[in-house]
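Given next are the chains, with one letter for each unit.
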Amino acid sequence: PYQRLPQVLVSANWPSGIVDLAFDGELVNFDRDTGVTGWRLNAAPTVSIPMSRPGWFVTPAVTFDYTRYQLSDTQPGDATEPTRSVPISSLDTGLVLERTMANADRIQTIEPRLLYVDIPYRDQDGLPVFDTITPDLNLVQLYRKNRFLGGDRVGDTQQLSVGVTSRILDVASGRELMTATVGQTRYFDDRQVALPGMAASTFETSDYIAELSFLLLRNVNFDFGHQWGTGENGTTQSEARLQYRPANDKILNLAYRFRRDSLEQGDVSWSWPVSQQWNFVGRYNFSFRDQEVLEQFFGLEYESCCWGLRLVSRRHISTRDGTRDSSFGLQLVLKGMTSVGTAADKLLERGILGYSADLR
(Lines give C-alpha, C1' and ligand atoms only; values in the text may rest on other atoms or scores of the structure.)
Protein backbone atom coordinates (compact mmCIF):
# COMPACT_ATOMS: atom_id res chain seq x y z
CA PRO A 1 0.00 0.00 0.00
CA TYR A 2 0.97 3.58 -0.64
CA GLN A 3 1.30 6.44 1.80
CA ARG A 4 -0.37 9.71 0.84
CA LEU A 5 2.25 12.40 1.44
CA PRO A 6 0.39 14.75 1.29
CA GLN A 7 -3.28 14.58 0.16
CA VAL A 8 -5.44 17.65 -0.49
CA LEU A 9 -9.17 17.29 -1.24
CA VAL A 10 -11.44 20.07 -2.50
CA SER A 11 -15.22 19.97 -2.86
CA ALA A 12 -17.52 22.89 -3.71
CA ASN A 13 -21.14 23.50 -4.75
CA TRP A 14 -22.79 26.59 -6.24
CA PRO A 15 -26.58 26.04 -6.38
CA SER A 16 -28.48 28.74 -8.28
CA GLY A 17 -31.98 27.33 -8.42
CA ILE A 18 -31.75 26.63 -12.15
CA VAL A 19 -28.24 25.47 -13.06
CA ASP A 20 -26.05 24.04 -10.29
CA LEU A 21 -22.27 24.01 -10.49
CA ALA A 22 -20.04 21.66 -8.48
CA PHE A 23 -16.37 20.80 -8.30
CA ASP A 24 -14.45 17.87 -6.80
CA GLY A 25 -10.67 17.83 -6.86
CA GLU A 26 -7.73 16.00 -5.38
CA LEU A 27 -3.97 16.50 -5.33
CA VAL A 28 -2.06 13.63 -3.76
CA ASN A 29 1.45 12.21 -3.72
CA PHE A 30 1.64 8.41 -3.50
CA ASP A 31 4.86 7.15 -1.91
CA ARG A 32 6.42 3.78 -1.00
CA ASP A 33 9.80 2.07 -1.23
CA THR A 34 9.17 0.00 -4.37
CA GLY A 35 7.43 0.39 -7.72
CA VAL A 36 6.00 3.45 -9.41
CA THR A 37 5.35 6.50 -7.22
CA GLY A 38 4.31 10.05 -7.91
CA TRP A 39 1.70 12.77 -7.92
CA ARG A 40 -1.87 12.58 -9.17
CA LEU A 41 -4.08 15.60 -9.88
CA ASN A 42 -7.79 15.02 -10.44
CA ALA A 43 -10.31 17.74 -11.27
CA ALA A 44 -14.00 17.08 -11.96
CA PRO A 45 -16.28 20.09 -12.54
CA THR A 46 -20.00 19.28 -12.89
CA VAL A 47 -22.96 21.14 -14.40
CA SER A 48 -26.44 19.89 -13.47
CA ILE A 49 -30.03 21.08 -13.85
CA PRO A 50 -32.00 19.71 -10.88
CA MET A 51 -35.78 19.81 -11.35
CA SER A 52 -38.10 18.62 -8.60
CA ARG A 53 -41.63 18.94 -7.36
CA PRO A 54 -43.46 17.12 -4.57
CA GLY A 55 -43.38 13.48 -5.60
CA TRP A 56 -40.74 13.54 -8.37
CA PHE A 57 -37.30 14.73 -9.47
CA VAL A 58 -35.23 14.83 -12.67
CA THR A 59 -31.53 15.77 -12.75
CA PRO A 60 -29.52 15.82 -16.00
CA ALA A 61 -25.80 16.38 -15.40
CA VAL A 62 -22.47 16.55 -17.25
CA THR A 63 -19.07 16.08 -15.58
CA PHE A 64 -15.65 16.59 -17.15
CA ASP A 65 -13.14 14.35 -15.38
CA TYR A 66 -9.47 15.35 -15.89
CA THR A 67 -6.53 13.48 -14.38
CA ARG A 68 -2.81 14.17 -14.69
CA TYR A 69 0.17 12.27 -13.24
CA GLN A 70 3.79 13.12 -12.53
CA LEU A 71 5.50 9.76 -12.00
CA SER A 72 8.86 8.48 -10.77
CA ASP A 73 10.54 5.05 -11.07
CA THR A 74 8.58 4.12 -14.20
CA GLN A 75 9.64 1.34 -16.57
CA PRO A 76 11.80 2.35 -19.55
CA GLY A 77 9.59 3.72 -22.31
CA ASP A 78 6.59 4.41 -20.05
CA ALA A 79 5.20 7.94 -19.89
CA THR A 80 6.10 9.96 -16.81
CA GLU A 81 3.30 12.54 -17.20
CA PRO A 82 0.24 10.70 -18.62
CA THR A 83 -3.16 12.39 -18.66
CA ARG A 84 -6.81 11.35 -19.06
CA SER A 85 -9.91 13.39 -19.97
CA VAL A 86 -13.38 11.85 -19.86
CA PRO A 87 -16.85 13.44 -20.19
CA ILE A 88 -19.54 11.81 -18.01
CA SER A 89 -23.21 12.34 -18.89
CA SER A 90 -26.06 11.21 -16.66
CA LEU A 91 -29.81 11.50 -16.15
CA ASP A 92 -31.15 10.74 -12.66
CA THR A 93 -34.91 10.58 -12.12
CA GLY A 94 -37.34 9.15 -9.61
CA LEU A 95 -40.74 9.26 -7.93
CA VAL A 96 -41.73 9.42 -4.26
CA LEU A 97 -45.29 8.15 -3.82
CA GLU A 98 -46.90 7.68 -0.42
CA ARG A 99 -50.15 6.51 1.12
CA THR A 100 -51.64 6.31 4.58
CA MET A 101 -51.99 2.72 5.70
CA ALA A 102 -55.07 1.17 7.29
CA ASN A 103 -53.39 1.88 10.61
CA ALA A 104 -53.59 5.68 10.39
CA ASP A 105 -50.34 6.26 12.27
CA ARG A 106 -48.30 4.60 9.49
CA ILE A 107 -47.27 5.90 6.04
CA GLN A 108 -45.95 3.71 3.22
CA THR A 109 -43.86 5.05 0.35
CA ILE A 110 -42.97 3.63 -3.07
CA GLU A 111 -39.83 5.22 -4.57
CA PRO A 112 -38.77 4.03 -8.04
CA ARG A 113 -35.51 5.48 -9.38
CA LEU A 114 -33.70 5.37 -12.74
CA LEU A 115 -30.11 6.46 -13.41
CA TYR A 116 -28.77 6.52 -16.97
CA VAL A 117 -25.00 6.99 -17.40
CA ASP A 118 -22.95 7.42 -20.59
CA ILE A 119 -19.13 7.39 -20.34
CA PRO A 120 -17.07 6.98 -23.55
CA TYR A 121 -14.05 4.68 -23.71
CA ARG A 122 -10.60 6.05 -23.00
CA ASP A 123 -7.46 3.88 -23.14
CA GLN A 124 -6.12 3.87 -19.57
CA ASP A 125 -3.70 0.93 -19.68
CA GLY A 126 -0.74 3.31 -19.37
CA LEU A 127 -1.97 4.79 -16.10
CA PRO A 128 -0.74 3.47 -12.74
CA VAL A 129 -3.05 1.99 -10.12
CA PHE A 130 -2.36 3.69 -6.79
CA ASP A 131 -5.61 3.34 -4.86
CA THR A 132 -8.32 2.10 -7.24
CA ILE A 133 -10.46 -1.03 -6.75
CA THR A 134 -13.69 -2.51 -8.04
CA PRO A 135 -15.99 -2.31 -5.01
CA ASP A 136 -18.68 -4.79 -4.07
CA LEU A 137 -22.07 -4.16 -5.65
CA ASN A 138 -24.51 -2.59 -3.22
CA LEU A 139 -27.22 0.07 -3.28
CA VAL A 140 -24.67 2.87 -3.03
CA GLN A 141 -22.64 1.44 -5.91
CA LEU A 142 -25.82 0.84 -7.93
CA TYR A 143 -26.33 4.60 -8.24
CA ARG A 144 -22.68 5.61 -8.65
CA LYS A 145 -21.60 6.71 -12.11
CA ASN A 146 -18.09 5.21 -12.05
CA ARG A 147 -17.92 1.48 -11.42
CA PHE A 148 -14.38 1.91 -10.00
CA LEU A 149 -13.58 3.39 -6.61
CA GLY A 150 -10.50 5.61 -6.75
CA GLY A 151 -9.08 8.09 -9.24
CA ASP A 152 -6.96 5.85 -11.47
CA ARG A 153 -9.78 4.46 -13.63
CA VAL A 154 -13.01 5.83 -15.08
CA GLY A 155 -15.09 2.97 -16.46
CA ASP A 156 -16.61 3.29 -19.92
CA THR A 157 -20.29 2.40 -19.98
CA GLN A 158 -23.77 2.93 -21.33
CA GLN A 159 -26.02 1.71 -18.56
CA LEU A 160 -29.37 2.09 -16.85
CA SER A 161 -29.66 1.41 -13.13
CA VAL A 162 -33.19 0.61 -11.94
CA GLY A 163 -34.28 0.36 -8.33
CA VAL A 164 -37.40 0.50 -6.17
CA THR A 165 -37.50 1.36 -2.47
CA SER A 166 -40.46 1.07 -0.12
CA ARG A 167 -40.58 2.48 3.40
CA ILE A 168 -43.02 2.29 6.30
CA LEU A 169 -42.80 5.35 8.55
CA ASP A 170 -44.24 6.14 11.95
CA VAL A 171 -46.24 9.36 11.55
CA ALA A 172 -45.71 10.62 15.11
CA SER A 173 -41.94 10.11 15.37
CA GLY A 174 -40.85 9.94 11.71
CA ARG A 175 -38.90 6.72 12.42
CA GLU A 176 -38.44 4.20 9.64
CA LEU A 177 -40.09 0.99 10.79
CA MET A 178 -39.15 -0.88 7.61
CA THR A 179 -37.16 -0.21 4.43
CA ALA A 180 -36.93 -2.58 1.48
CA THR A 181 -35.02 -2.01 -1.79
CA VAL A 182 -34.34 -4.10 -4.89
CA GLY A 183 -32.34 -3.03 -7.95
CA GLN A 184 -30.23 -4.01 -10.96
CA THR A 185 -28.09 -2.36 -13.65
CA ARG A 186 -28.53 -3.12 -17.37
CA TYR A 187 -25.66 -2.49 -19.80
CA PHE A 188 -26.16 -1.56 -23.46
CA ASP A 189 -22.58 -2.31 -24.53
CA ASP A 190 -19.49 -4.25 -23.41
CA ARG A 191 -17.10 -2.48 -21.08
CA GLN A 192 -13.42 -2.24 -22.08
CA VAL A 193 -11.67 -0.47 -19.17
CA ALA A 194 -10.36 -2.90 -16.54
CA LEU A 195 -7.79 -3.06 -13.77
CA PRO A 196 -4.48 -4.85 -14.50
CA GLY A 197 -4.86 -8.62 -14.50
CA MET A 198 -8.65 -8.48 -14.71
CA ALA A 199 -10.82 -9.11 -17.77
CA ALA A 200 -13.26 -6.51 -19.03
CA SER A 201 -16.90 -7.26 -18.24
CA THR A 202 -19.26 -8.43 -21.00
CA PHE A 203 -22.34 -9.20 -18.90
CA GLU A 204 -25.54 -7.57 -20.12
CA THR A 205 -26.82 -7.07 -16.57
CA SER A 206 -25.44 -6.85 -13.07
CA ASP A 207 -26.58 -9.14 -10.28
CA TYR A 208 -29.80 -8.28 -8.52
CA ILE A 209 -29.30 -6.69 -5.13
CA ALA A 210 -31.83 -6.40 -2.32
CA GLU A 211 -31.68 -4.87 1.14
CA LEU A 212 -34.20 -5.12 3.95
CA SER A 213 -34.14 -3.28 7.25
CA PHE A 214 -36.81 -3.19 9.92
CA LEU A 215 -37.36 -2.42 13.58
CA LEU A 216 -38.18 -5.69 15.35
CA LEU A 217 -38.70 -4.10 18.75
CA ARG A 218 -38.12 -0.62 20.09
CA ASN A 219 -34.37 -1.23 20.54
CA VAL A 220 -33.76 -4.15 18.14
CA ASN A 221 -32.90 -3.60 14.45
CA PHE A 222 -32.53 -6.29 11.79
CA ASP A 223 -30.74 -5.71 8.47
CA PHE A 224 -30.47 -8.16 5.58
CA GLY A 225 -28.65 -7.77 2.27
CA HIS A 226 -28.63 -10.24 -0.62
CA GLN A 227 -27.01 -10.33 -4.06
CA TRP A 228 -27.84 -12.97 -6.64
CA GLY A 229 -27.36 -13.62 -10.33
CA THR A 230 -29.77 -14.75 -12.99
CA GLY A 231 -30.09 -18.31 -14.28
CA GLU A 232 -27.84 -20.81 -12.51
CA ASN A 233 -25.52 -18.23 -10.94
CA GLY A 234 -27.33 -18.31 -7.61
CA THR A 235 -26.34 -16.32 -4.54
CA THR A 236 -23.23 -14.16 -4.91
CA GLN A 237 -23.13 -12.76 -1.41
CA SER A 238 -25.41 -12.31 1.56
CA GLU A 239 -25.30 -10.61 4.95
CA ALA A 240 -27.59 -10.51 7.98
CA ARG A 241 -27.14 -8.35 11.06
CA LEU A 242 -29.06 -8.01 14.33
CA GLN A 243 -28.38 -5.05 16.62
CA TYR A 244 -29.67 -4.57 20.17
CA ARG A 245 -29.19 -1.01 21.39
CA PRO A 246 -31.22 -0.10 24.50
CA ALA A 247 -29.12 3.06 25.04
CA ASN A 248 -26.45 5.05 23.17
CA ASP A 249 -23.69 3.44 25.23
CA LYS A 250 -25.13 -0.10 25.13
CA ILE A 251 -24.60 -2.03 21.88
CA LEU A 252 -24.71 -5.72 21.00
CA ASN A 253 -24.24 -6.83 17.35
CA LEU A 254 -24.69 -10.29 15.82
CA ALA A 255 -23.79 -10.72 12.15
CA TYR A 256 -23.42 -13.39 9.46
CA ARG A 257 -21.62 -12.85 6.12
CA PHE A 258 -21.38 -15.09 3.06
CA ARG A 259 -19.57 -14.62 -0.23
CA ARG A 260 -19.58 -17.45 -2.76
CA ASP A 261 -16.24 -19.30 -3.06
CA SER A 262 -14.63 -16.79 -0.71
CA LEU A 263 -15.94 -16.49 2.85
CA GLU A 264 -18.53 -17.49 5.41
CA GLN A 265 -18.21 -15.69 8.72
CA GLY A 266 -19.97 -15.10 12.01
CA ASP A 267 -19.36 -11.96 14.03
CA VAL A 268 -20.22 -10.83 17.56
CA SER A 269 -19.31 -7.37 18.88
CA TRP A 270 -20.38 -5.28 21.83
CA SER A 271 -19.86 -2.18 23.94
CA TRP A 272 -21.52 -2.45 27.36
CA PRO A 273 -21.14 -0.51 30.64
CA VAL A 274 -20.32 -2.65 33.67
CA SER A 275 -20.41 0.29 36.10
CA GLN A 276 -20.81 4.06 35.99
CA GLN A 277 -17.18 4.56 34.94
CA TRP A 278 -16.15 1.24 33.34
CA ASN A 279 -17.17 -0.07 29.90
CA PHE A 280 -16.53 -3.56 28.47
CA VAL A 281 -15.87 -3.78 24.69
CA GLY A 282 -15.03 -6.64 22.37
CA ARG A 283 -15.35 -8.48 19.09
CA TYR A 284 -15.17 -12.14 18.03
CA ASN A 285 -14.96 -12.82 14.26
CA PHE A 286 -15.03 -16.53 13.23
CA SER A 287 -14.62 -18.12 9.77
CA PHE A 288 -16.89 -21.14 9.26
CA ARG A 289 -15.13 -21.80 5.95
CA ASP A 290 -11.68 -22.09 7.58
CA GLN A 291 -12.87 -23.19 11.04
CA GLU A 292 -10.73 -20.63 12.83
CA VAL A 293 -10.92 -17.26 14.53
CA LEU A 294 -9.95 -14.38 12.23
CA GLU A 295 -9.92 -11.62 14.84
CA GLN A 296 -10.77 -11.19 18.48
CA PHE A 297 -10.25 -8.30 20.85
CA PHE A 298 -11.40 -7.50 24.35
CA GLY A 299 -10.97 -4.30 26.28
CA LEU A 300 -11.99 -1.98 29.06
CA GLU A 301 -12.66 1.75 29.01
CA TYR A 302 -12.45 3.98 32.06
CA GLU A 303 -13.86 7.49 32.16
CA SER A 304 -13.72 10.29 34.71
CA CYS A 305 -14.74 13.93 34.49
CA CYS A 306 -11.75 15.10 32.47
CA TRP A 307 -9.79 12.05 31.28
CA GLY A 308 -10.30 8.51 30.04
CA LEU A 309 -8.34 5.31 29.50
CA ARG A 310 -8.69 2.47 26.97
CA LEU A 311 -7.00 -0.93 27.31
CA VAL A 312 -7.48 -3.40 24.45
CA SER A 313 -5.98 -6.87 23.90
CA ARG A 314 -6.12 -8.09 20.29
CA ARG A 315 -5.23 -11.27 18.39
CA HIS A 316 -5.78 -11.53 14.63
CA ILE A 317 -4.54 -13.03 11.35
CA SER A 318 -2.22 -10.42 9.87
CA THR A 319 -0.89 -11.94 6.62
CA ARG A 320 -2.17 -14.06 3.75
CA ASP A 321 -0.21 -17.13 4.94
CA GLY A 322 -2.14 -17.20 8.24
CA THR A 323 0.45 -15.59 10.51
CA ARG A 324 -1.14 -14.30 13.71
CA ASP A 325 -0.29 -11.19 15.66
CA SER A 326 -1.04 -10.44 19.29
CA SER A 327 -1.01 -6.92 20.69
CA PHE A 328 -1.99 -4.90 23.71
CA GLY A 329 -3.04 -1.28 23.30
CA LEU A 330 -3.16 1.47 25.90
CA GLN A 331 -4.66 4.90 25.11
CA LEU A 332 -4.89 7.86 27.45
CA VAL A 333 -7.53 10.46 26.48
CA LEU A 334 -7.39 14.01 27.85
CA LYS A 335 -10.86 15.40 27.16
CA GLY A 336 -10.87 18.47 24.98
CA MET A 337 -7.13 18.18 24.33
CA THR A 338 -5.55 15.08 22.85
CA SER A 339 -4.91 11.36 23.20
CA VAL A 340 -1.65 9.52 23.84
CA GLY A 341 -0.72 5.93 23.04
CA THR A 342 -2.16 3.28 20.70
CA ALA A 343 -5.09 4.36 18.49
CA ALA A 344 -7.46 1.96 20.25
CA ASP A 345 -10.45 4.16 19.39
CA LYS A 346 -9.95 3.51 15.65
CA LEU A 347 -9.89 -0.25 16.22
CA LEU A 348 -13.12 -0.10 18.24
CA GLU A 349 -14.90 2.13 15.72
CA ARG A 350 -13.96 -0.24 12.89
CA GLY A 351 -14.83 -3.43 14.75
CA ILE A 352 -18.03 -2.50 16.62
CA LEU A 353 -20.94 -1.21 14.55
CA GLY A 354 -22.46 1.84 16.21
CA TYR A 355 -19.58 2.43 18.61
CA SER A 356 -18.53 6.04 19.16
CA ALA A 357 -15.05 6.92 20.42
CA ASP A 358 -16.35 10.14 21.99
CA LEU A 359 -16.23 9.61 25.72
CA ARG A 360 -19.37 10.69 27.57
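Quantities reported herein were computed from a predicted structural model and do not represent experimental measurements.

### Here we look at the layout of surface pockets
Reported here for the largest pocket is a volume of approximately 1200 Å³. For the largest pocket, the lining is made up of 37 residues, of which Thr-134, Pro-135, Leu-137, Ser-201 and Phe-203 are closest to its centre. For the lining of the largest pocket, the elements supplying multiple residues, two or more each, are helix H1 (139-142), strand E10 (176-187) and strand E13 (235-247). Across the lining of the largest pocket, the residue classes break down as 13 nonpolar, 15 polar and nine charged.

### Here's the deal with the pairing of strand E5 (residues 56-72)
For strand E3 (residues 37-48) and E5, the ladder comprises 10 bridges, and the chain directions are antiparallel. Counterpart to Ser-48 in the pairing with E5 is Ala-61. Strand direction decides the pairing type here: strand E4 (residues 51-53) and E5, joined by three bridges, are antiparallel. Across the sheet, residue Arg-53 finds its bridge partner in E5, namely Trp-56. Connecting E4 to the antiparallel partner E5 that follows it, the hairpin turn spans two residues, and Gly-55 within it adopts a positive phi of roughly 105 degrees. Pairing between E5 and strand E6 (residues 83-95): 13 bridges, direction antiparallel. The partner of Val-58 across the bridge, within E6, is Thr-93.

### What to know about the pairing of strand E16 (residues 278-287)
For E16, the buried fraction is high: seven of the 10 residues fall into the buried class. Here strand E15 (residues 263-273) runs beside E16; their pairing, made up of nine bridges, is antiparallel. Paired with Gln-265 across the bridge in E16 is Ser-287. Counting the residues in the hairpin turn of E15 and E16 gives four residues. Across 10 bridges, E16 lies against strand E17 (residues 292-303) in antiparallel orientation. Counterpart to Ser-287 in the pairing with E17 is Glu-292.

### What to know about the side chain of Thr-67
With respect to the element layout, Thr-67 can be found in strand E5. One polar contact links Thr-67 to Asn-42, side chain to side chain, over a distance of 2.7 Å. A polar atom in the side chain of Thr-67 sits 2.6 Å from the side chain of Arg-84. Excluding anything up to four places from it in sequence, Thr-67 contacts Arg-40, Leu-41, Asn-42, Pro-82, Thr-83, Arg-84 and Gly-151.

Cut-offs applied
Residues numbered from 1 in each chain as written. Predicted model: local features only at pLDDT ≥ 70, side-chain atom pairs only at ≥ 80, totals over all residues. Heavy atoms only, no water. 1 Å grid on protein atoms, 1.4 Å probe; cavity = no way out; pocket = protein on both sides within 12 Å on 5 of 7 lines; lining within 4 Å. Points joined across faces, edges and corners; volume = space filled by probe spheres on them. Helix = DSSP H or I, 4+ residues; strand = E, 2+ residues; numbered from the N terminus. Nonpolar A, V, L, I, M, F, W, Y, C, P; charged D, E, K, R; others polar. Pairing = 2+ DSSP bridges. Buried < 20%, exposed > 50% of the residue type's maximum accessible area, 1.4 Å probe, protein only. Polar contact = N/O pair within 3.5 Å; in protein donor to acceptor, adjacent residues only side chain to side chain. Contact = heavy atoms within 4.5 Å.

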